[in-house]
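Read off the chains here:
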Amino acid sequence: QLQVQESGPGLVKPSETLSLTCTVSGGSISSTGNFWAWIRQPPGKGLEWIGSIYYTGNTYYNPSLKSRVTISVDTSKNQFSLRLSSVTAADTAVYYCAREISSRADSWGQGILVTVYS
Amino acid sequence: QSALTQPASVSGSPGQSITISCTGTSSDVGGYIYVSWYQQHPGKAPKLMIYDVSNRPSGVSNRFSGSKSGNTASLTVSGLQAEDEADYYCSSYTSSSTNVFGTGTKVTVL
């Protein structure tokens with residue numbers, strides 16, 4: 001049973017960079033056809049797709065966040081990561097990592113709340 | 001990319017059927033079969049309920065069904081049960097090789 005789990009700081013200061021890691025277990029991050037995604041949800045609001053990465057390093061980003069987002073993969077550690085620069089209070093959210101197959105996210109982490117505080 | 005449009009809320013009595021719509025454009029919902037639906041209970045991660053417009057993952061009740069016509073996808077929940085009370089989100093692949101979620105629908109079981 002494949003599992004994904006987010007980790008990283010729960011507090012980030014405005015203008016700094018948010019950094020999260022997702023660890024994949026029960027399967028290989030290099031499996032063909034699997035994409036690895038980041039999705040976020042501000043408190044009390046809806047889901048927002050941030051972007052995804054293939055094990056080869058190919059990335060796909062939400063155009064509204066593209067200028068601030070970097071997603072990377074470390075196949076040796078079976079992990080992928082999210083960096084979001086120049087954060088503001090609007091970036092406060094629960095951040096989820098997930099596996100995507102043909103666009104559907106079928107395995108989700110439990111989510112991690114990241115608060116941007118001043 | 002703009003979020004797909006869903007009704008803010010839908011309600012129904014136990015045993016009834018409800019339908020949630022998800023409206024996009026020809027660049028997302030209307031252009032691809034990759035439309036998914038997710039159920040989210042408070043404080044929990046979303047759960048995949050429908051993929052590729054109308055397919056159910058293993059373990060999902062057959063009371064959940066999906067369809068699509070043009071730029072609008074729909075999720076129908078039949079035989080509504082108390083446990084179905086949750087938020088529901090649609091999602092679609094887009095012509096930009098990205099994914100986009102719907103605005104979300106709160107389902108209330110009366």
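These notes cover the structure that comes with them. This structure is a prediction, so every number in the text was calculated from the model and none was measured. (Residues numbered from 1 in each chain as written. Chains lettered and ligands numbered in written order. Predicted model: local features only at pLDDT ≥ 70, side-chain atom pairs only at ≥ 80, totals over all residues. Heavy atoms only, no water.)

**Looking at the overall build of chain A**
Going by this rule: Segments assigned H or I by DSSP are reported as helices when at least four residues long, segments assigned E as strands when at least two residues long, and all are numbered from the N terminus. Only C-alpha atoms enter the radius of gyration; for comparison, a globular chain is expected to reach 2.2 Å times N to the power 0.38, where N is the number of residues. Residue exposure (1.4 Å probe, protein chains only): buried if accessible area is under 20% of the type maximum, exposed if over 50%, otherwise partly exposed. We call two residues in contact whenever any of their non-hydrogen atoms come within 4.5 Å of each other. The positive count covers Lys and Arg only, the negative count covers Asp and Glu only, and His and the chain ends enter neither. Charged side chains are reduced to one point each, which is NZ for Lys, CZ for Arg, CG for Asp and CD for Glu.
Tallying secondary structure elements over chain A gives 0 helices and 11 strands in all. Ordered by position in the sequence, the α and β elements of chain A form the string β-β-β-β-β-β-β-β-β-β-β. Computed over its C-alpha atoms, the radius of gyration of chain A comes to 13 Å, within 12% of the 13 Å expected for a compact globule of 118 residues. Referenced to the eigenvectors of the C-alpha coordinate spread, the extents of chain A come out at roughly 40 × 25 × 25 Å. Across the 118 residues of chain A, 46% fall into the buried class. For chain A, restricting intrachain contacts to residue pairs at least 6 apart in sequence, the fraction spanning at least 24 positions comes to 52%. Separation between the mean location of the 9 positive side-chain charges and that of the 7 negative ones in chain A comes to 3 Å.

**Let's talk about the state of the cysteines**
As a reminder, the rule being used: Here, a disulfide means two cysteine sulfur atoms that sit within 2.5 Å of each other.
Within the structure shown, the criterion is met by 2 disulfides over all chains. Linked covalently through their sulfurs, Cys22(A) and Cys97(A) form a disulfide whose S-S length is 2.1 Å. On the sign convention where negative is left-handed, the bridge of Cys22(A) and Cys97(A), at about 60° about the S-S bond, is right-handed. Linking Cys22(A) in strand 3 (residues 18–25) with Cys97(A) in strand 9 (residues 93–101), this pair joins segments that are 75 residues apart in sequence. The exposure class of Cys22(A) is buried, given its relative accessible area of 0%. There is a disulfide in this structure between Cys22(B) and Cys90(B), and the S-S distance comes to 2.0 Å.

**Observations concerning the pattern of salt bridges**
For clarity, the threshold we go by: Salt bridge, as used here: a side-chain nitrogen of Lys or Arg that lies within 4 Å of a carboxyl oxygen of Asp or Glu.
Following the criterion strictly, the structure yields 6 salt bridges over all chains and no others. A salt bridge links Arg40(A) to Asp91(A); the nearest nitrogen and oxygen atoms lie 2.8 Å apart. With Arg40(A) in strand 4 (residues 34–41) and Asp91(A) in the loop between strand 8 (79–84) and strand 9, the pair connects residues that are 51 residues apart, well separated along the chain. Of the two residues, Arg40(A) and Asp91(A), both sit in the buried class. Residue Asp52(B) is joined to Arg104(A) by a salt bridge in which the shortest nitrogen-to-oxygen separation is 4.0 Å. Of this pair, Asp52(B) sits in the loop between strand 4 (47–50) and strand 5 (64–69) while Arg104(A) sits in strand 10 (residues 104–108), placing the two residues on different chains. For the pair shown, Asp52(B) and Arg104(A) are each scored as buried.

**Observations concerning the interface of chain A and chain B**
Our working rule: Defined in terms of a 1.4 Å probe, buried area is the accessible area two parts forfeit on being brought together, summed over both. Amino acid classes used here: Ala, Val, Leu, Ile, Met, Phe, Trp, Tyr, Cys and Pro are nonpolar; Asp, Glu, Lys and Arg are charged; the rest, including Gly, are polar.
At the junction of the two partners, chain A supplies 20 residues and chain B supplies 18 residues. Summed over both sides, the interface of chain A with chain B buries roughly 1,600 Å², with 60% coming from carbon and sulfur. Linking chain A to chain B there are 1 salt bridge. Elements supplying a minimum of two residues to the side of chain A that touches chain B: strand 4, strand 5 (48–53), strand 6 (59–61), strand 9 and strand 10 of chain A. A total of 4 residues in the side of chain A that touches chain B trace back to one element, the largest contributor, which is strand 10 of chain A. Looking at side-chain class alone, the side of chain A that touches chain B contains 9 nonpolar, 6 polar and 5 charged residues.

**Some details on the layout of surface pockets**
Cut-off, in case you're wondering: A pocket, in this scheme, is an open set of points on a 1 Å grid over the protein atoms alone with protein on both sides within 12 Å along at least 5 of 7 lines, while a cavity is a set where a 1.4 Å probe fits but cannot get out; residues line either one if an atom lies within 4 Å of a point. Grid points are joined across faces, edges and corners, and a volume is the space filled by probe spheres set on the points.
In this structure, the largest pocket encloses a volume near 420 Å³. Broken down by secondary-structure element, the contributors of at least two residues to the lining of the largest pocket are strand 1 (3–7) and strand 10 of chain A together with strand 4 of chain B. The residue inventory of the lining of the largest pocket, partitioned by class, reads 8 nonpolar, 7 polar and 3 charged. In terms of lining residues, the second largest pocket is bounded by 20 residues, among which Gln41(A), Gln40(B), Pro42(B), Gly43(B) and Asp87(B) are the most central. Looking at the lining of the second largest pocket, the elements that each hand over two or more residues are strand 9 of chain A together with strand 7 (86–93) of chain B. Among the elements that make up the lining of the second largest pocket, the one with the highest residue count is strand 7 of chain B (3 residues). Here the residues of the lining of the second largest pocket are counted per class, giving 7 nonpolar, 8 polar and 5 charged.

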